[in-house]
Amino acid sequence: MILQICSVFLVFIHHVHCFGNGAPFSTCFTQYPKHDNQGTQTSPSPFVFKLTPSSYKPGQVVQIEVTDTSGSSFMGIQIAARRKRDNKDVIVGRFVDFPTNKLKAFNCFSGYQNMLTHTNHHRVKQLTFKWKAPDDNVGNVVFMTTMVQSYDVFWYGIKSELPVDSTAPLQAPLYHSIPLNPQTTSVDFGGCGDSKGCFYYPRHCSGSDCIAAASYLYRSATNDFLFELYSNHDVDYISIGFSHDEWMGNDVTVSCTGRSGEMTVQEGYNPAQFNERHLDIFSSSHEVKYQDGKLQCRFVLPEAFDVYQVVQNKKIAETTNTRWNLKKDYYLMMAWGDAMPESSVMAHHHEYPAITMSKVDLTEKVITLSSSFHLLVRAHGQSVMMCWILIIVVTFHDLDREPDVGTKLSGSPRIGYSGVCSYCYWSRSHICQLRN
């Protein structure tokens, strides 16, 4: 039992700092390395991109040569071609020829092998690979690249434009970009519990004094929900998540960014204990405002929508879709924190997310409070109680007799008082480390 509890705690403590075998699938729409929150270089990039030919026709293969002109070498790369107009987040084309001893391609939404990254940290001075343009005319494209020279030295957002040479009609994207509007009115919490539902953190706050808060209103005339998010904690982002349980994983998220980076409203998904940004598909009416340390935003979600997951290791572009219906009850989560420097890419949050104590009916106009303590802290409290019970049991078990060396309790090596106390101290100290 103790081993099982220890394993649970270790899962929370574990943290991956880097990906020596290339960028993970979750970075399709960010392309920003999270190397201990190290920021991108702001000096001019030393890399030169040579595109041959210098313009493309639909269906044509283009050779790309990347060279480090600093006299040094580099470890990693992540590159994809995006539309210059209509929706700059849409990735187009695919990589068809590249050195597999250094590079690999994977699938991002709506495409096949449309993202290229490294497979190891071996240093090189030059790379050459090929990209095939879509068969339709998608207009001028921009290769967005991140170059990693070393673990803490990288350049994010390098742009190389490739003009189109075609008179064919321009093919519109399947998904259009969602306009972002300035938020002219602040979030009003006066109607919470009366004209709309609200979720507060911490539980003793009442709206504008909250570290994080959300309001929601079901609109039957349009079969959608109007959401508002707010934080007075001087943060770069605030997120709301919809979950089937109290644990992070298999959750739909919507996040708003502001302050130091670009103002955005971002759709996302938590496949496990991390978030991946998705192409904005189902949300609408985006508004963001940042002023005097307060970040707030509005957006609309339909009553029901599909959330995609890209299938990797297939010879075709393939996705699976999961239907979410906000008229069903979900746990609500809120998270907030900093963005990666010079970007709107969310960094790891340093505080525990706020989670409702039970599932919430989003059509009800009630005020919902978060737990006083995060789920992990509550689990720690339960483990401490179990420790004391074990201490009492073992103490009374040994009270009237000397311990026999090698004696076993319940089929396991016998646990003495000091052993139980050591476990209690171990679990408490690790929880404290997590909180710090």
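Residues numbered from 1 in each chain as written. Predicted model: local features only at pLDDT ≥ 70, side-chain atom pairs only at ≥ 80, totals over all residues. Heavy atoms only, no water.

1. Some remarks on the overall build of the protein
Now for step 1: Per the secondary structure count, the protein includes 3 helices and 27 strands.
Now for step 2: Scored against the burial criterion, the 436 residues of the protein give a buried share of 46%.
Now for step 3: A separation of at least 24 residues holds for 64% of the contacts in the protein among residues at least 6 apart in sequence.
Now for step 4: Accessible area of the protein: about 21,400 Å², with a carbon and sulfur share of 53%. (Helix = DSSP H or I, 4+ residues; strand = E, 2+ residues; numbered from the N terminus. Buried < 20%, exposed > 50% of the residue type's maximum accessible area, 1.4 Å probe, protein only. Contact = heavy atoms within 4.5 Å. Areas by Shrake-Rupley, 256 points an atom, 1.4 Å probe, with all protein chains shown as cover.)

2. Section: the confidence of the model for the protein
Now for step 1: Mean pLDDT over the protein stands at 84; residues scoring 70 or higher make up 80%.
Now for step 2: A low-confidence stretch, residues 1–17 (pLDDT under 50), is modelled with 26 contacts involving residues beyond four sequence positions or located in other chains.
Now for step 3: Under a pLDDT of 50 for its full length, residues 373–384 has, in the predicted model, 23 contacts with residues more than four places off or in other chains. (pLDDT = per-residue confidence, 0-100.)

3. Quick notes on the packing of aromatic side chains
Now for step 1: In the structure shown here, the tally under the stated rule is 20 aromatic pairs.
Now for step 2: Taking 5.5 Å as the distance between ring centres and 70° as the angle between the ring planes, the aromatic pair formed by Phe 227 and Phe 242 counts as edge-to-face. Taken together, the residues Phe 227 in strand β14 (residues 224–231) and Phe 242 in strand β15 (residues 237–243) connect sequence positions 15 residues apart. Summarising the burial analysis for this pair, Phe 227 and Phe 242 share the class buried.
Now for step 3: Members of the aromatic cluster, connected to one another through ring pairs, are Tyr 216, Tyr 218, Phe 225, Phe 227, Phe 242 and Phe 299. (Phe/Tyr/Trp six-rings, centres within 6.5 Å; stacked < 30°, edge-to-face > 60°.)

4. Re the side chain of Thr 368
Now for step 1: Relative to the helices and strands, Thr 368 resides in strand β25 (residues 367–369).
Now for step 2: Here Thr 368 falls in the buried class, since its relative accessible area comes to 13%.
Now for step 3: The residues touching Thr 368, leaving out its near neighbours within four places in the chain, are Cys 198, Phe 199, Tyr 200, Tyr 216, Thr 356 and Val 360.

5. Some points on the state of the cysteines
Here, the word disulfide means a covalent bond between the sulfur atoms of two cysteines.
Now for step 1: Scanning the model with the defined rule gives 4 disulfides in all.
Now for step 2: Covalently, Cys 205 is tied to Cys 210 through a disulfide, its sulfur atoms 2.0 Å apart. Disulfide Cys 205-Cys 210: the torsion about the S-S bond is 95°, which places it as right-handed.
Now for step 3: On the basis of relative accessibility, which here comes to 5%, the residue Cys 205 falls in the buried class.
Now for step 4: The exposure class of Cys 210 is buried, given its relative accessible area of 0%. (Disulfide = S-S within 2.5 Å.)

6. Brief notes about the sheet that holds strand β23 (residues 331–337)
Now for step 1: On the basis of which strands lie adjacent, the open sheet formed by 6 strands has the order β18-β17-β16-β15-β23-β24 and antiparallel pairing. Only two strands of the sheet have a single partner each, and these edge strands are β18 (274–277) and β24 (354–355).
Now for step 2: As paired elements, strand β16 (residues 251–257) and strand β17 (residues 264–272) share 7 bridges and run antiparallel to each other. From the neighbouring strand, Ser 255 faces β17, where its bridge partner is Gln 266. (Pairing = 2+ DSSP bridges.)

7. Structural notes on the sheet that holds strand β20 (residues 294–302)
Now for step 1: The 7 strands are arranged β11-β19-β20-β14-β13-β12-β25 in an open sheet whose pairing can be described as mixed. One side of each edge strand has no neighbouring strand; the edge strands of this open sheet are β11 (180–182) and β25. Sheet twist, expressed as the average angle between the axes of neighbouring strands with direction ignored, equals 20°. (Axes fitted to C-alpha atoms, helices over the stretch in contact; angles between N-to-C directions.)

8. A look at the pattern of salt bridges
Now for step 1: Inspection of every chain in the model, using the stated rule, returns 12 salt bridges.
Now for step 2: Across the salt bridge formed by Glu 161 and Lys 84, the nearest N and O atoms sit 3.0 Å from each other. On the criterion of sequence distance, the pair formed by Glu 161 in strand β10 (residues 153–162) and Lys 84 in the loop between β3 (76–83) and β4 (91–92) is long-range, its members being 77 residues apart.
Now for step 3: Residue Glu 161 is classed as partly exposed on the basis of its relative accessible area, which comes to 38%. (Salt bridge = Lys/Arg side-chain N within 4 Å of Asp/Glu carboxyl O.)

9. Some points on the nonpolar core
Where a protein is soluble and globular, its nonpolar side chains tend to be buried together.
Now for step 1: Core analysis: the largest hydrophobic core is formed by 39 residues, its most contacted members being Ile 64, Phe 129, Trp 131 and Phe 143.
Now for step 2: Sorting elements by how many residues they give to this core places β3 first, with 4 residues.
Now for step 3: Beyond its immediate stretch of four places on either side in the chain, Ile 64 contacts Phe 49, Lys 50, Leu 51, Phe 95, Leu 127, Thr 128, Phe 129, Trp 131 and Phe 143. (Core = buried A, V, L, I, M, F, W, Y, C linked by side-chain atoms within 4.5 Å.)

10. Notes on the pairing of strand β19 (residues 284–291)
Now for step 1: Two elements, β11 and β19, share 3 bridges in a ladder whose sense is parallel. By the bridge assignment, Asn 181 is partnered in β19 with Glu 287.
Now for step 2: Direction of pairing for β19 relative to β20: antiparallel, over a ladder of 6 bridges. If you follow Glu 287 over to β20, its bridge partner there is Arg 298.
Now for step 3: Where β19 folds back onto β20 in an antiparallel hairpin, the turn is made up of 2 residues, including Asp 292, whose phi is positive at roughly 55°.

11. Looking at unusual backbone geometry
Now for step 1: Each neighbour pair has its own omega, and for Thr 52 with Pro 53 the value is 0°, a cis peptide bond.
Now for step 2: Structurally, Pro 53 can be placed in the loop between β1 (47–52) and β2 (61–68).
Now for step 3: Backbone geometry at Asn 250 places phi at a positive 60°, although glycine is not the residue there.
Now for step 4: With respect to the secondary-structure elements, Asn 250 resides in the loop between β15 and β16.
Now for step 5: Despite not being glycine, Glu 342 shows a phi value in the positive range, around 60°.
Now for step 6: With relative accessibility at 59%, the residue Glu 342 sits in the exposed group.

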